[in-house]
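Structural description and commentary
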Amino acid sequence: MDIAFRNIKAVFRRELSAYFSSPIAYTIIVIFLLVSTGFAFWVGDLWDFGDASLTWTFFFFLPWFFVVLAPAVGMRLWADEHRQGTIELILTMPIHTWHAIVGKFLASVLVWAIALLLTWPIVWTIQFLGDPDMGPILSGYLGSFLFASACVAISMAISAFTRSQITCLLISITVCLGLTLLGYPQIVEQLMKMLPANVVDGIADLSLMSHFLDMTKGVLVFRDILYFMSIIVVSLVVTSIAIRAKRS
Amino acid sequence: MRETREGLSRASDQRPPRHQMISVENLTKRFGTKLAVNDISFEVGKGEVLGFLGPNGAGKSTTMRMITGYFEPSAGSVMIDGVSMLDAPRLAKEKIGYLPENAPLYNDMTVLGFLGFSADLRGLTGTARSAAIGRALETCFLEPVRNQSIDTLSKGYRHRTCLAQSIIHDPEILILDEPTDGLDPNQKAEVRNLIKRMGETRTIVFSTHILEEVEAACTRAIIIDQGKIVADGTPDELKSRAVDAGALEVRIQGPSASAIREELGRLSCTKTVTTNSEHQPHEGEESGCFTGSVIPKGKDKTAALTVEINDLCRDRGFRIEELYCNPGRLDDVFRSITQTAE
C-alpha cells in the first residue's frame, strides 16, 4: 500500500508539474473562468434574476463548458505518452499500470478543482446581494466537480487509444456531449418514438445532465454520486484495458 | 544458414548451478499474422556484454521490449536473475535499467526533474535519492545541463539523459536499445566508453547495427534475422566465419609480378590466389611487385601456408614487404548470414 501510494504520488506530481509548467492549465482555467462568470452575468442574468441561488444562473451552463474544456485537460494524459514514446519508460518502471492511471487522473482532476475554486467570488457576489441557501451551492459545486471529473476520465480513456491529441479531443467532446444530451427532453421525445418506454428511461438515466441538475438543486442523492463515480471507474478500467491491449 | 549456437549448447549441456542473469526461452511475438520474434532462446551470464545485431525489422527491439516487460510475449518466458517477468513483473523490472529506442523523454521537464521522477518510481528516497541523482548526472556528464529543460537539449544530451535514467538505481542488468543511434562520432565514442565502463560490473545487452561497436565493446554477439537467432558467439568467433578470414594478404617484390603469382599458386597449401595489383617491371627496372591475397585450402592451413610463403621467398630471393593474416570482417559475416537467410 505504501508503495502504491508512493508511486501514485510520484506520477501525480509529475503530471501536475506538466500542467502548470506549460500554458495548458492556465489557458483552460482562464477560459473557464471567463465563460462561466460571463454567462452567469450576461446570459444567466445574475443581477436581475431575483433568485439568490446559482442553480439556473451559474451551474446550469457549466456542463457545456466542461464538455469542451475537460477533454482539453484529459487529452494529453496518454496520447502524449504514446506520441513521445515515454509510455515505454513508465511501463518498464517497477510500478503497476494502475498507479500511473490513478496518479494521472488525480492530477487532471486537481486542475478542475482549482478552476472551480477560483469561481468562488461568484458566491461572494450572491452573498453580498442576498441571503443564499448554501446547501444547493455546495452540492452544486460537488456536482460540477464530479461532472468535470467524469469528462476528464472519459477523455483519458480515449487518449489511451490514440497518439493524436486532437483526435482524442474531438472524440472526447463528442462522447461527453452525447452523454450530456441523452437526457434532454427533445432527444428523449425522439427516442420515445422508436424505443419502448423502459429502454428510453434507461438511456435517459445515463445522461450526465439529469444527475447533475439534481445536485445543483440541492438534492444530494447517493444515486447521483454513485452514477458519476461509476462513469469514472468504468473510464479508468477502459484506460487500463486500452494500455494492456497496446502491449500485447 | 542456421548456425548451431555454441554458447547456448554449451550452457544446456552442463547447466550452471546458479541461474543466468537473463534467460529467454522460446520467446515468440506475433503482431496479427506477422511473426516478429520466432521462438528464440538465449542466456546472458553475469558480467557479459552482449551485442544484439540484425538488420532493421529483424526483431531486436521487440525482443528487448519483451525482456524489459513492455510487450507481453505471445509465447515463451523471460527470467531476470531468476525472477519471471510474466509472473512477478515489478520484482523483475526492479533489476533492469532500460534505454528504449530513440531515448524517449518528457520534454516538459528539466533534466534534474526527470531524474528525480525516475528515482521516485525506483523507490529511492532521502539521501539515497539525491546521491543516486548526483551519481547518474556525473556518470553521464550531464552536470552542465542539469537545470535545463529537456526540449532544449541536443540529441547527445537527450540520449545521455535517458541513459542516466536507466542507471539511476544502479541496476545489475542494463538493456540498451540502439544507444548510439543518431549521435555524432564523438558522442558515439563517449557512449561506447560508458558502456564499456559499466560493463565491468554489470550485465549489458545492447542492440546496434554498427559493427565496430560490437568489436569495441562486446564480449559476445548475437545476430538476429527475421525473428530468429542466426549466429551467437564472441566477436572473434563470428569474424572467423567470414569467407576471407584466414587468407594471407601479401605484398611481395620480385623480378616479375606474374611469376610471383604463379609461384604462390603452386604452393601445396594454396587454394587460390587473388590479385589486387600487379606491377610489372618497366624497362630498366629490375623488379615487379605483387599485391593480393593467398587463400589457404582450409582455415587450419593458414600457419602452414605462411611458412611455405616464407620459404618460397627466401629460396627465390623475393622480398616480402607485407604479410598478414586477414582476421575476417564482421560486416562480411553479417551480410552473408543475414542475406542467405532471406
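In short, a report on the structure. Since the structure is predicted, the reported quantities are computational estimates derived from the model, not experimental observations. (Residues numbered from 1 in each chain as written. Chains lettered and ligands numbered in written order. Predicted model: local features only at pLDDT ≥ 70, side-chain atom pairs only at ≥ 80, totals over all residues.)

Details of the overall build of chain B
Secondary structure assignment for chain B yields 12 helices and 14 strands. Here the C-alpha atoms of chain B give a radius of gyration of 25 Å, more than 25% beyond the 20 Å that 2.2 N^0.38 yields for 342 residues. Over its C-alpha atoms, taken along the principal directions, chain B stretches across nearly 80 × 45 × 40 Å. Taking the contacts inside chain B whose residues are at least 6 apart along the sequence as the reference set, 71% of them involve residues at least 24 apart. (Helix = DSSP H or I, 4+ residues; strand = E, 2+ residues; numbered from the N terminus. Rg over C-alpha atoms; globule rule 2.2 N^0.38 Å. Contact = placed C-beta atoms within 7 Å.)

Concerning the packing of helix H2 (residues 23-43) of chain A against helix H3 (residues 62-74) of chain A
Residues and elements named next belong to chain A. Two elements in contact, H2 and H3, have axes whose closest approach is 11 Å; the angle formed by their N-to-C orientations is 175°. Our classification of the angle between H2 and H3 gives roughly antiparallel. Contacts between H2 and H3 involve Ile28, Ile31, Phe32, Val35 and Ser36 from the first element and Leu62, Phe65, Leu69, Ala72 and Val73 from the second. Across the contact of H2 with H3, the residue classes break down as 9 nonpolar, 1 polar and no charged. (Axes fitted to C-alpha atoms, helices over the stretch in contact; angles between N-to-C directions. Parallel < 35°, antiparallel > 145°, perpendicular 65-115°, else oblique. Nonpolar A, V, L, I, M, F, W, Y, C, P; charged D, E, K, R; others polar.)

Some remarks on the sheet that holds strand S10 (residues 228-233) of chain B
All names here are of chain B. Overall, mixed pairing links the 6 strands, which are arranged S6-S7-S8-S3-S9-S10 in an open sheet. Edge positions in the sheet fall to strand S6 (96-99) and S10, since each of these pairs with one other strand and no more. The mean angle between the axes of side-by-side strands here comes to 15°, regardless of whether they run parallel or antiparallel. Sheet topology note: the strand S9 (residues 220-225)/S10 ladder contains 5 bridges and is antiparallel. Its bridge partner being in S10, Ala221 is matched across the sheet by Gly233. Packed onto the sheet, helix H2 (residues 60-67) meets strand S3 (49-53), strand S7 (173-177), strand S8 (203-208) and S9 and runs at close to 150° relative to S7. (Pairing = 2+ DSSP bridges.)

Brief notes about the nonpolar core
Core analysis: the biggest nonpolar cluster contains 148 residues, and Ala150(A) and Cys151(A) have the highest contact counts within it. Of the residues forming this core, the biggest block, 13 residues, is contributed by helix H8 (residues 134-159) of chain A. Grouped together as the second largest cluster of nonpolar side chains are 16 residues, Ile260(B), Cys269(B), Val294(B) and Ile295(B) included. (Core = buried A, V, L, I, M, F, W, Y, C linked by C-beta atoms within 7 Å. Buried ≥ 20, exposed ≤ 12 C-beta atoms within 10 Å, placed from the backbone.)

What to know about the packing of H3(A) against helix H6 (residues 97-117) of chain A
For any two helices packed against each other, the geometry comes down to the angle between their axes and how far apart the axes lie. All names here are of chain A. It is at 9 Å that the axes of H3 and H6 come closest, and there the two elements cross at 140°. One element, H3, and the other, H6, form an angle in the oblique class. Like other packed secondary-structure pairs, H3 and H6 cross with a definite hand, here right-handed. Contact with H3, carried on its side by Ala70, Val73 and Gly74, involves Ser108, Val111 and Trp112 of H6 and no other residues of that element. The residue inventory of the contact of H3 with H6, partitioned by class, reads 4 nonpolar, 2 polar and no charged. (Left-handed = near helix turned anticlockwise from the far one by under 90°.)

As for unusual backbone geometry
Residues and elements named next belong to chain B. Phi is positive for Ala103, which is not a glycine, with a value near 45°. Looking at the secondary structure, you find Ala103 in the loop between S6 and helix H4 (111-121). Residues other than glycine seldom take positive phi values, yet Asp170 does so here, at roughly 50°. Tracing the chain through its elements places Asp170 in the loop between helix H6 (155-167) and S7.

Details of the sheet that holds strand S5 (residues 83-84) of chain B
All names here are of chain B. Strand order in the open sheet formed by 4 strands is S2-S1-S4-S5, with antiparallel pairing between adjacent strands. Where the open sheet ends on each side, the last strands, each with one partner, are strand S2 (34-44) and S5. Pairing analysis gives 2 bridges linking strand S4 (residues 75-80) to S5, with the strands arranged antiparallel. Opposite Ile80, over in S5, you have Val83 as the bridge partner. The sheet contacts of H2 involve strand S1 (22-31), S2 and S4, and relative to S1 the element is tilted by about 120°.

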